[in-house]
Amino acid sequence: MTKVAIIPARGGSKRIPRKNIRLFHGRPMMAYSIAAAKASGLFDRIVVSTDDAEIMALALDLGAEVPFTRPAELADDHTTTIAVIQHAVAALQAAGVPVEMACCIYATAPFVQAQYLRAGHTALSARTDKAYAFSVTSFPFPVQRAIRLDQDGCIDALYPEYRNTRSQDLEEAYHDAGQFYWGRAEAWLRGEVIFSPASLPVILPRYLVQDIDTAEDWQRAEYLYGALLAGGEIQP
């Protein structure tokens, strides 16, 4: 049976144009995901799912495969990750590839590290009753103490019942780290919900997690990556 890394990389990024292949710390953004997949030593195939000819060519240069072109209807702003991975798994199986597990690795995850990909695979392999294992990290502040702005622009508590609860007495909360999602092939094809008890967590330190959706995010991520690289905390 085959373990496949699937890297979704459509051409039509809106908030940061061409984000998947824009240079980040001197390398195309997508290069980090492909390199981590290779370094993990886990995958029989490393596949890029894209609708874009330039991304296809770069993926091949970086040592990934592009065995199919992603349909246009799966490359718009509303397409879900599950739909993209479903298509990729189905296309590979139709071509005779006996996919057992597929790991979606986002193309815009320059902090992804091989050791955590291996941890996700180990966790899911050990729990045959689970469908997925994916990267998460903790919120730096209790979400129960979040505030909001009302219609008059004034402050109010999002969860008033926790106004007077000490921070140390509140349950720690986690969020999706946006790096990778291991899943059994049949779970992807069935469209099982990822954010559910069907999934296991791979907990990352907060310093390895950074959304990159704006120019400010990008600059912060460049600074953080440089500091972590200089300190030997990450592998390039």
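Throughout what follows, the structure given in this document is the object of discussion. (Residues numbered from 1 in each chain as written. Predicted model: local features only at pLDDT ≥ 70, side-chain atom pairs only at ≥ 80, totals over all residues. Heavy atoms only, no water.)

What about the sheet that holds strand β9 (residues 174-184)?
As summarised here, the arrangement of the six strands in space is β4-β1-β5-β9-β6-β10, forming an open sheet in which the pairing is mixed. Where the open sheet ends on each side, the last strands, each with one partner, are β4 (45-49) and β10 (199-203). The average angle at which neighbouring strand axes cross in this sheet is 25 degrees, direction not considered. Pairing analysis gives six bridges linking strand β6 (residues 132-138) to β9, with the strands arranged antiparallel. Each residue of the ladder has a partner; that of Ser138, found in β9, is Tyr174. (Pairing = 2+ DSSP bridges. Helix = DSSP H or I, 4+ residues; strand = E, 2+ residues; numbered from the N terminus. Axes fitted to C-alpha atoms, helices over the stretch in contact; angles between N-to-C directions.)

Here we look at the nonpolar core
Of all hydrophobic cores here, the largest spans 48 residues; its most connected members are Met30, Phe43, Val48, Ile105, Phe180 and Trp182. Those residues in contact with Met30 that sit more than four places away from it in its chain are Ile7, Ala9, Asn20, Ile21, Val48, Ile55, Leu58, Ala59, Leu62 and Ala107. By size, the runner-up hydrophobic cluster in this structure holds 22 residues, among which are Val47, Ile85, Val136 and Trp188. (Core = buried A, V, L, I, M, F, W, Y, C linked by side-chain atoms within 4.5 Å. Buried < 20%, exposed > 50% of the residue type's maximum accessible area, 1.4 Å probe, protein only. Contact = heavy atoms within 4.5 Å.)

Things to note about helix α2 (residues 53-61)
Among the residues making up α2, those that are buried are Ile55, Met56, Leu58 and Ala59. Summarising the contacts, the buried residues of α2 are in contact with β3 (27-28), α1 (29-40) and β4. Looking one or two places after α2, you find Gly63, whose phi comes out positive at around 95 degrees.

Things to note about the packing of aromatic side chains
Tallied over the entire structure, the rule returns ten aromatic pairs. Both rings, one in Tyr132 and one in Trp188, keep their centres 5.1 Å apart while their planes meet at 70 degrees; by these two values the pair is edge-to-face. Residue Tyr132 is found in strand β6, and its partner Trp188 is found in helix α5 (residues 185-190); the two are separated by 56 residues along the sequence. Each of the two residues, Tyr132 as well as Trp188, counts as buried. Ring geometry for Phe134 against Phe195: centres 5.4 Å apart, planes inclined by 40 degrees, an arrangement best described as tilted. You can see Phe134 sitting in strand β6 and its partner Phe195 sitting in the loop between α5 and β10, a full 61 residues away along the chain. By relative accessible area, which is 8% here, Phe134 ends up buried. One aromatic cluster is present, built from ring pairs that chain together Phe24, Tyr32, Phe111, Trp218 and Tyr225. Sitting over the ring of Trp218, Arg22 keeps its end group 4.3 Å from the ring centre. (Phe/Tyr/Trp six-rings, centres within 6.5 Å; stacked < 30°, edge-to-face > 60°. Lys NZ or Arg CZ within 6 Å of the ring centre and 35° of its normal.)

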